[in-house]
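Spelled out, the chains give:
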Amino acid sequence: MTEVMMSRRLFLSSATLAGGGLLLGFGATAKEAQAASANMTQYVAISSTGKVTIRAKNPEIGQGIKTSLPMIVAEEMDIDWTQVEVVTAPVNEKLYGGQIAGGSTSIPTNYEPMRRAGAAVRLMLLQAAAVKLSAPVEALQVISGVVHHKASGKQAHYGELAQAASKLTVPDPASVTLKDPKDFKIIGTAQGGVDSAKVLKGEPIFGIDTAIPGMKHAIFRKPPVFGAKFLSGNLDAIRALPGVTQVFVLKGTGNIQGLQDGVAIVADKWWQAKTAGDQLEVQWDEAIGKGHDTETYRTQADTLLKGTGDSLQSKGTAADVLANAATVVSARYEVPFIPHLALEPQNCTARASAEHIEIWAPTQAPGWGIRLLAKELNVPEDKITVHMTRVGGGFGRRLENDYMIEAAAISQKAGVPIKLLWTREDDLAYDFFRPGNLHDLKAAIDDQGRLAAYTAHGVTYGRDGKPSAGANISPHAFTSGVVEHFELRQSVIETTIPTGYLRAPSSNALAFVHECFLDEIAHALKKDPLTYRLELVNAQLASGAPQSPEGRNPYDFRRIKEILETLRTRSGWADFKASDGIGLGVATYFSHRGYFAEVAKVKVAPDGTWRVLKVWAVGDVGSVIINPFGAYNQVEGSIIDGIGQLKQCITFENGRAVQTNLHEVPLMRMSDTPKIDTHFILSDNPPTGLGEPALPPVLPAVCNAIFAATGVRIRTLPIEESLLARPS
Amino acid sequence: MISLKINGKPYTLDLPEDMPVLWVLRDELGLTGTKFGCGIAQCGACTVHIDGVPVRSCVTPLSVAEGTEITTLEGVSETAAGQALLKVWAEDDVMQCGYCQSGQIMAATALLMENPAPTDADIDMAMDGNICRCATYTRIRAGIKRAAGLSPADTREA
Ligand code: FES
Ligand code: FES
C-alpha cells in the first residue's frame, strides 16, 4: 500500500469499564486520549459480556459513514459485524478530530486511524489472552471475537479478557500490525445502515423529530433579499393569533454565515407559528439587493469577458500560440445559480441562555457550529453542547449553521427551549446557492492537428473582488495536464447573494464547461471523443511527465487511462451507432481524490424533450470499497443528482430568488432515472470518499450525448429543450 | 371534535378542522414517521393512506379525515404489502438519508395493494410524486418488484 494520509497524530489510551470491560480512547495527544477514555468518550468499549460498542464520530447525512467507519474498526478487531453496536459520538473535535461530513474526506482521513485503533484493541486482548491461556501471543488465533489456542484447545472470548486487557499498556498505534486486506471479512461486504431499522419504524431520529421538555415551536422569517434590514411589521396583530406566545425581531450581526435580521414567531405548535407567519407583513429595507438581477449579471459578465481578468494559472505562452494557431476553437459556456433542497427542511432545537447553549441539529459541520455560536452569541465554546441528529440530506447546505444561530438566539430571547423549523419556501429563499459562472474558452490546434494551447477566462461571483464560498474556478486537472500552453483567468462579479458549497463544489459546474469543450475540440479534429481522450492520456504517459500537474490535487494519468479503457468496453462504445435521436457521450473528471469516467446514453424526442436512458460509470477510489451498499448508492445518487442539475436554475430580481418552492425547481423523479451500471477499479491507492466524485462527469457526458444525438451543442444550463426540437 | 382511526386505534381529536393531518400526526400524536418536505403536495414525504388511498397529508385538512382510517409508516407493517416492502427495504438497504422513505413506502404499499404485479411503467406512474433527493430510485424500483415477488430487472428502454 502507498502511504495513507493521516489527518492528525493518533494516541490511544485505555481504561477499565464499569463492570469490568475495556475502554479505548483516542486523542491527538496522549493526554487527550486519557481524557477520552476517562470521560467515556471512547471509540471502542467492550463489556465483560463481550458486547462491543463503537462510537461513530462523523455526521450521518445518508452517505453511510455511521456504518462504514465502525466497520473499519471492527474489521481490525476480528469480531463479527453483528456483535457491534454503533452509537453516535458526542461532538468534541479535540477528542475526535474533525467531525464533518464534507468534501468526501471522512474515509481518506479516517481509514488508517480507524484500522490502527481496531488493531490496537485486538493486540491488547491477545496479550490478556496469552496470560489467561498460558500461551504466546503468536500461537493465538481470533475468530469472531473468540481467542483460540489451537495446541491446547483452550479459548476465551473478548468479554472475558476485556478487564485484564484494560490494565495493560496501550500499544503505540503506529507500531501495530494491520491485517492483509485479502483477509478482510467485514470491509468489502455489503452492510445495511446501522440506523436503517429505526428509520423504517419511524423513530424520531432526524433533527426535525427532536422533542425536549418544555419546548415551543418557532419560525424565523427573514427578508427575501439577503442582508435587507427590518423596518416595521404587524407584530402586534401576529401576537394575538392562536397559540402564538411571542413575536420579536432579532437584529443581524453582519456576518454572512451568522444571524440576519428577522422576525421570530414562537408558538405552542409549529402549525400555529407557520399559520401566523403566513399573515406576517413586514417592511424591509431591500435597497442592498437593488440591481442584483440575473440579467444585470449577464451584462456585467459580457463586459468582464471583454477584459483580461486576473491570471489564476499559467504555463507556457498560450496567448502567442493562439495568435499563430492554424485553427482556433472557441466557445462560451454558462451555468446558473442552483439550490440545495435537501429533503428535510432546515431545523434546529435549542435550549439556550446567556451562559449555556445546548443544540440538537441536523448539521454537516457541528464543530463549525460550536465556533460560530460562540462568536455570534458570545457564549464560551466550553459552555456549548451540540448533539448530532440523523440528517435528512446535506448536499453541502448543512455545512452552514445559520439555523443553529437562529434557534439559539430565539431560545435565548424567548427564555424557553424552542424547535425552529423552516418552511420549504424559507429553505429556498435563504439558501447559500451554488453560484453560477460564465467562461470564454479557446483552444489552439496546430498544423499537425494537435491541441497546442488552451485558455479559459471565467467569470464567477464574490465579494470584495474574491470568489465567495463555492465560487472558485479551479483549474481543470485533465486539460491543464495534457496541454503545453495553458492559461486560466478569472473575473469576479460582486454579489449580495449568499453562495455556498454544493456537492462536488466547483467541479459540478466546471466539469460541464471543460469536458463539453473538450468534446468540441475532439469533433473539430474529427476524432472520436473517447479515443481522443485516450490519445491525450497516452501522449502524457509516453512523455514521461510527472503524474502530478500543477493544481491542488495530485493527478495521475495512469488512473484516468484505466477507467477510460474499462468504460469503453463496458459501455459498448466502439460498437454503438447513433440513430433515431439517441446518442452516447463521454466525460471524465477528477475531484475529491476520486477518478470517474462516465458514458451517458440519451434519447431526444422530436419535440426536444430528452431522457437519459443509461449511464455507465467507472471509478477509481482506491484499493477497497468499504461498504458496497453505501458505495453503489452514492454513485447512483451522484449520477441522478448531476442529471437533475442540468434542469435547474435559480434566477434573481433585485437580490431576491424568483423561484419559491419545488413546483418551480425540477427535482429528479422516478421516471427520470436512467439505468446505471457502476464499476470500481480497485487500484493500488488509499481508499477515498464517494459522496461527490461520481457527480461531475455525468453533466458533460449527458450534454455530449445530446450533441451526438442531435448535433446541437449545449453550452448553457439549464438545457433549453426548444433548442433540441427538430422537424419530424 | 374529529373522530377517526389511526393505525387501527380510535381517536377523538379536539383540534382545528383546517389543521393538516401531517401536523396532527407529528406534533399532536408524536407519530414522527410521516415527514414534512414541501407543504404543497410536491414531494410526497408526507404520504399516508386514508382508507387505503395514498394522500399528501401536508395539504389534507383534518376535517377530511373525519370518520376515516389513516395508516402511517408506523402502522403499515399491518398490511401484507407494507410488510413485504419493509423487509426488502431493510435487506437491500434502499435508503440513503432515509428522510423520504416513509413516503416512498406508503406510496409503494398503495401501489402493491392495488396492483400486485406492477410493470416499470406502473411504478413510474405511482411513484413519480415521491421525491428522493438522495436519488435512491433504482433501489426503490427494484425493491418494489422484489417485494411483489417479481424479477428486479429494469425492463425499460436502455
Ligand atoms: S410535504 Fe407533503 S408533499 Fe411535500
Ligand atoms: S433517501 Fe434521502 S431523500 Fe430519499
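Before reading on, note that the structure itself is shown above.
Residues numbered from 1 in each chain as written. Chains lettered and ligands numbered in written order. Predicted model: local features only at pLDDT ≥ 70, side-chain atom pairs only at ≥ 80, totals over all residues. Heavy atoms only, no water.

1. Notes on the overall build of chain B
Right, so step 1: Of the regular secondary structure elements, chain B holds 5 helices and 5 strands.
Right, so step 2: Its helices and strands taken in sequence order, chain B reads β-β-α-β-β-β-α-α-α-α from the N to the C terminus.
Right, so step 3: The C-alpha radius of gyration of chain B comes to 15 Å, within 12% of the 15 Å expected for a compact globule of 158 residues.
Right, so step 4: Along the three orthogonal principal directions, the C-alpha set of chain B runs to about 50 × 30 × 25 Å.
Right, so step 5: Among the 158 residues that make up chain B, the fraction classed as buried is 59%.
Right, so step 6: Here the analysis covers contacts within chain B between residues at least 6 apart in sequence; of these, 57% occur between residues at least 24 apart.
Right, so step 7: As displayed, chain B offers around 5,600 Å² of accessible surface, 53% of which is attributable to carbon and sulfur atoms.
Right, so step 8: Where the 12 positive side-chain charges of chain B centre and where its 20 negative ones centre are 8 Å apart. (Helix = DSSP H or I, 4+ residues; strand = E, 2+ residues; numbered from the N terminus. Rg over C-alpha atoms; globule rule 2.2 N^0.38 Å. Buried < 20%, exposed > 50% of the residue type's maximum accessible area, 1.4 Å probe, protein only. Contact = heavy atoms within 4.5 Å. Areas by Shrake-Rupley, 256 points an atom, 1.4 Å probe, with all protein chains shown as cover. Lys, Arg positive; Asp, Glu negative; His and termini not counted. Charge placed at Lys NZ, Arg CZ, Asp CG, Glu CD.)

2. A look at the packing of aromatic side chains
Residue and element names in this part refer to chain A.
Right, so step 1: Counted under the stated rule, the structure contains 17 aromatic pairs over all chains.
Right, so step 2: Both rings, one in Y333 and one in F512, keep their centres 5.5 Å apart while their planes meet at 75°; by these two values the pair is edge-to-face. Here Y333 is found in strand β15 (residues 327-335), whereas its partner F512 is found in helix α15 (residues 507-524), with 179 residues between them in sequence. Neither Y333 nor F512 differs from the other in exposure class; each is buried.
Right, so step 3: Each ring, one from F337 and one from Y461, has its centre 4.8 Å from the other, and the planes form 65°; the classification is edge-to-face. Residue F337 is found in the loop between β15 and β16 (347-352), and its partner Y461 is found in strand β21 (residues 451-463); the two are separated by 124 residues along the sequence.
Right, so step 4: Overall, the relative accessible area of 5% leaves F337 in the buried class.
Right, so step 5: Within the aromatic cluster, the residues linked to one another by ring pairs are Y297, F337, F433, Y461 and F652.
Right, so step 6: Sitting over the face of the ring of W610, K647 holds its NZ or CZ atom 5.0 Å from the ring centroid. (Phe/Tyr/Trp six-rings, centres within 6.5 Å; stacked < 30°, edge-to-face > 60°. Lys NZ or Arg CZ within 6 Å of the ring centre and 35° of its normal.)

3. Topic: the packing of helix α16 (residues 529-543) of chain A against helix α17 (residues 557-571) of chain A
All names here are of chain A.
Right, so step 1: Relative to each other, α16 and α17 sit at 150°, their axes nearing to 10 Å. One element, α16, and the other, α17, form an angle in the roughly antiparallel class. In terms of crossing hand, the pair formed by α16 and α17 is left-handed. On the side of α16, the interface is formed by L530, T531, R533, L534, V537, N538, Q540 and L541, while α17 contributes F557, R558, I560, K561, L564, E565 and R568.
Right, so step 2: Looking at the contact of α16 with α17 residue by residue, the classes come out as 7 nonpolar, 3 polar and 5 charged. (Axes fitted to C-alpha atoms, helices over the stretch in contact; angles between N-to-C directions. Parallel < 35°, antiparallel > 145°, perpendicular 65-115°, else oblique. Left-handed = near helix turned anticlockwise from the far one by under 90°. Nonpolar A, V, L, I, M, F, W, Y, C, P; charged D, E, K, R; others polar.)

4. Here's the deal with the sheet that holds strand β26 (residues 610-620) of chain A
All names here are of chain A.
Right, so step 1: The mixed open sheet is built from 4 strands, whose spatial order is β24-β25-β26-β29. Each having just a single partner strand, β24 (582-591) and β29 (675-680) make up the two edges of the open sheet. Averaged over neighbouring strand pairs, the angle between their axes works out to 15° when direction is ignored.
Right, so step 2: As judged from the 10 bridges shared by strand β25 (residues 594-604) and β26, these two strands associate in the antiparallel manner. Each residue of the ladder has a partner; that of A600, found in β26, is V615.
Right, so step 3: Sheet strands in contact with helix α19 (residues 698-710) are β24, β25 and β26, and its direction is about 155° off that of β24. (Pairing = 2+ DSSP bridges.)

5. Some details on the packing of helix α2 (residues 65-77) of chain A against helix α4 (residues 106-132) of chain A
How two helices pack is summed up by the angle between their axes together with the distance between the axes.
Residues and elements named next belong to chain A.
Right, so step 1: Look at α2 against α4: their axes get within 6 Å of each other, and the N-to-C directions meet at 35°. The interaxial crossing formed by α2 with α4 has right-handed handedness. Only S106, I107, N110, Y111, M114, R115, G118, A119, V121 and R122 of α4 make contact with α2, whose side of the interface consists of I65, S68, L69, I72, V73, E76 and M77.
Right, so step 2: Class assignment for the residues of the contact of α2 with α4 results in 10 nonpolar, 4 polar and 3 charged.

6. A look at unusual backbone geometry
Residues and elements named next belong to chain A.
Right, so step 1: Note that the residue after L717, namely P718, is joined by a cis bond; omega there is -5°.
Right, so step 2: Phi is positive for D464, close to 55°, though the residue is something other than glycine.
Right, so step 3: You can see D464 is positioned in the loop between β21 and β22 (466-467).
Right, so step 4: Notably, N654 is not glycine yet its phi reads approximately 45°, a positive angle.

7. Side note on the nonpolar core
Right, so step 1: Core analysis: the biggest nonpolar cluster contains 182 residues, and V263(A), I265(A), F512(A), I521(A), W610(A), V702(A) and I144(B) have the highest contact counts within it.
Right, so step 2: Setting aside its immediate chain neighbours within four residues, V263(A) contacts I219(A), F220(A), R221(A), F230(A), L235(A), V247(A), F248(A), V249(A), L280(A), V282(A) and W284(A).
Right, so step 3: A56(A), I72(A), V73(A) and L125(A) belong to the second-largest nonpolar core, a separate cluster that totals 48 residues. (Core = buried A, V, L, I, M, F, W, Y, C linked by side-chain atoms within 4.5 Å.)

8. A short note on α2(A)
Right, so step 1: Compared with an ideal rise of 1.5 Å per residue, which puts 13 residues at 18 Å, α2(A) spans 19 Å between its outermost C-alpha atoms and is within 8% of the ideal.
Right, so step 2: Where α2(A) ends, the next residue or the one after it, D78(A), has phi of about 65°, a positive value. (Expected span 1.5 Å × (residues − 1).)

9. Remarks on the pairing of strand β12 (residues 262-267) of chain A
Residue and element names in this part refer to chain A.
Right, so step 1: Counting buried positions along β12 gives 6 out of 6 residues, so the element sits mostly inside the fold.
Right, so step 2: Alternating positions in β12 separate into two faces, G262, A264 and V266 on one and V263, I265 and A267 on the other, with burial throughout.
Right, so step 3: When strand β9 (residues 216-221) meets β12, the two strands line up antiparallel, connected through 5 bridges. Bridge assignment links A218 to a residue of β12, and that residue is V266.
Right, so step 4: In this sheet, β12 lies alongside strand β11 (residues 244-250) in antiparallel orientation, the contact comprising 6 bridges. Each bridged residue has a counterpart across the sheet, and for F248 the counterpart in β12 is A264.

10. Overview of the pattern of salt bridges
Right, so step 1: Considering all chains together, one arrives at 53 salt bridges over all chains under this definition.
Right, so step 2: A salt bridge links E203(A) to K201(A); its shortest N-O distance comes to 4.0 Å.
Right, so step 3: The class of E203(A) is partly exposed, set by a relative accessible area of 29%.
Right, so step 4: Here K201(A) falls in the exposed class, since its relative accessible area comes to 53%.
Right, so step 5: For D302(A), the salt bridge goes to R332(A), with nearest N and O atoms at 2.6 Å. Placement of D302(A) in helix α9 (residues 294-306) and of R332(A) in strand β15 is noted, with a sequence separation of 30 residues between them.
Right, so step 6: What makes R332(A) partly exposed here is its relative accessible area of 33%.
Right, so step 7: Members of the salt-bridge network, linked through shared partners, are D120(B), D124(B), R141(B), K145(B), D154(B) and R156(B). (Salt bridge = Lys/Arg side-chain N within 4 Å of Asp/Glu carboxyl O.)

Keep in mind that these numbers describe shape and distance, not what the molecule does.
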